[in-house]
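Survey of secondary and tertiary structure
The lines below spell out each chain.
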Amino acid sequence: DQQVKQNSPSLSVQEGRISILNCDYTNSMFDYFLWYKKYPAEGPTFLISISSIKDKNEDGRFTVFLNKSAKHLSLHIVPSQPGDSAVYFCAAIGYSSASKIIFGSGTRLSIRP
Amino acid sequence: DTAVSQTPKYLVTQMGNDKSIKCEQNLGHDTMYWYKQDSKKFLKIMFSYNNKELIINETVPNRFSPKSPDKAHLNLHINSLELGDSAVYFCASSHAGDYGYTFGSGTRLTVV
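A brief structural summary.

The next point concerns the pattern of salt bridges. Residues and elements named next belong to chain B. Enumeration according to the criterion identifies 6 salt bridges over all chains in this entry. The partner of aspartate 85 in a salt bridge is arginine 63, and the shortest N-O contact between them spans 2.8 Å. With aspartate 85 in the loop between β8 (73-78) and β9 (87-94) and arginine 63 in the loop between β6 (53-57) and β7 (64-70), this pair connects stretches of sequence that are 22 residues apart. For the residue pair aspartate 85 and arginine 63, the accessibility class agrees, reading buried in each case. A single salt-bridge network, built from bridges that share partners, covers Arg63, Glu82 and Asp85.

Next up on the list: the packing of aromatic side chains. To describe a pair of aromatic rings, one takes the distance between the centres and the angle between the planes. Summed over all chains, the structure comprises 16 aromatic pairs over all chains. On the numbers, 5.7 Å between centres and 90° between planes, the contact of Tyr36(A) with Phe103(B) is edge-to-face. Of this pair, Tyr36(A) sits in strand β4 (residues 30-38) while Phe103(B) sits in strand β10 (residues 102-103), which puts the two residues in different chains. Linked through ring pairs, Tyr36(A), Phe46(A), Phe89(A), Phe103(A), Tyr33(B), Tyr35(B), Phe90(B), Tyr101(B) and Phe103(B) together constitute an aromatic cluster.

Let's shift gears to the sheet that holds β7(B). All names here are of chain B. Strand order in the open sheet made by the 4 strands is β1-β3-β8-β7, with antiparallel pairing throughout. Whereas interior strands pair on both sides, the edge strands pair on one side only; in this sheet they are β1 (4-7) and β7. Shown here is a sheet whose adjacent strand axes are inclined to one another by a mean of 15°, direction ignored. Across 4 bridges, the pairing between β1 and strand β3 (residues 19-25) is antiparallel. Along β3, the bridge assignment pairs glutamine 6 with cysteine 23.

This paragraph deals with the pairing of strand β11 (residues 107-111) of chain B. All names here are of chain B. Going residue by residue along β11, you find Thr107, Leu109 and Val111 tucked away on one face and Arg108 and Thr110 left uncovered on the opposite face. In this sheet, β11 lies alongside strand β2 (residues 10-13) in parallel orientation, the contact comprising 4 bridges. Paired with valine 12 across the two strands is threonine 110, which belongs to β11. The pairing of β9 with β11 spans 3 bridges and is antiparallel. Bridge pairing links tyrosine 89 to threonine 107 in β11.

This next bit is on a nonpolar patch on the surface. Residues and elements named next belong to chain A. Together, Ile18, Ile20 and Val78 line one region of the surface with nonpolar side chains, adding up to about 230 Å² of accessible area. Within the secondary structure, isoleucine 18 sits in the loop between β2 (10-14) and β3 (19-25). Of the residues examined, isoleucine 18 reaches a relative accessible area of 41% and is grouped as partly exposed.

How each quantity is defined
Residues numbered from 1 in each chain as written. Chains lettered and ligands numbered in written order. Predicted model: local features only at pLDDT ≥ 70, side-chain atom pairs only at ≥ 80, totals over all residues. Heavy atoms only, no water. Salt bridge = Lys/Arg side-chain N within 4 Å of Asp/Glu carboxyl O. Helix = DSSP H or I, 4+ residues; strand = E, 2+ residues; numbered from the N terminus. Buried < 20%, exposed > 50% of the residue type's maximum accessible area, 1.4 Å probe, protein only. Phe/Tyr/Trp six-rings, centres within 6.5 Å; stacked < 30°, edge-to-face > 60°. Pairing = 2+ DSSP bridges. Axes fitted to C-alpha atoms, helices over the stretch in contact; angles between N-to-C directions. Patch = residues over 30% accessible without salt bridge, like charges linked within 9 Å, V, L, I, M, F, W, Y side chains within 5 Å. Areas by Shrake-Rupley, 256 points an atom, 1.4 Å probe, with all protein chains shown as cover.

Put into structure tokens, the structure is as follows:
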């Protein structure tokens, strides 16, 4: 039962352009969403989050958008830089998950020169 | 100075053996977690401890037993290892109620 889905296992974007990573969820009781970034041989690193009472949260080059009616969130990175090449995990949490963060399977982002 | 450190980084062992993975955090967090990343790359919670007390215990085999001697340490002991236990195990920590976890770099367990 995959409550958090990242349907694109990989994405390639040219340096300087916008990277858009997508995530869908099935549980309408989720009320907090996060993005984590992971480099090879390292643990995931918290990147940005959004509460369900908001539809957008911005932090520098990173913006997360939440569409609750569509149960969809996306992470925008602009402009994309070589150091952004990593695996990005979408995650969700809510009362129904008993305070457990539920992770997606990740999207591998590659930034090409 | 590593915030969340796990040892060992790699572990190759035979079926039936017993092994332990250690985790230590120096961030002053009161909550620690064990996650398993399976072959499909999903990160799944196994256990969570708050101030040495077990608060989340997912449906994992009894062969997995976490131990928290103090709030800075959460070790994972696995008995009678099976092939299906092969995965990357991540330790993480946070303040209670804070979802921006700090993860360790993972332990890749291979059971042969």
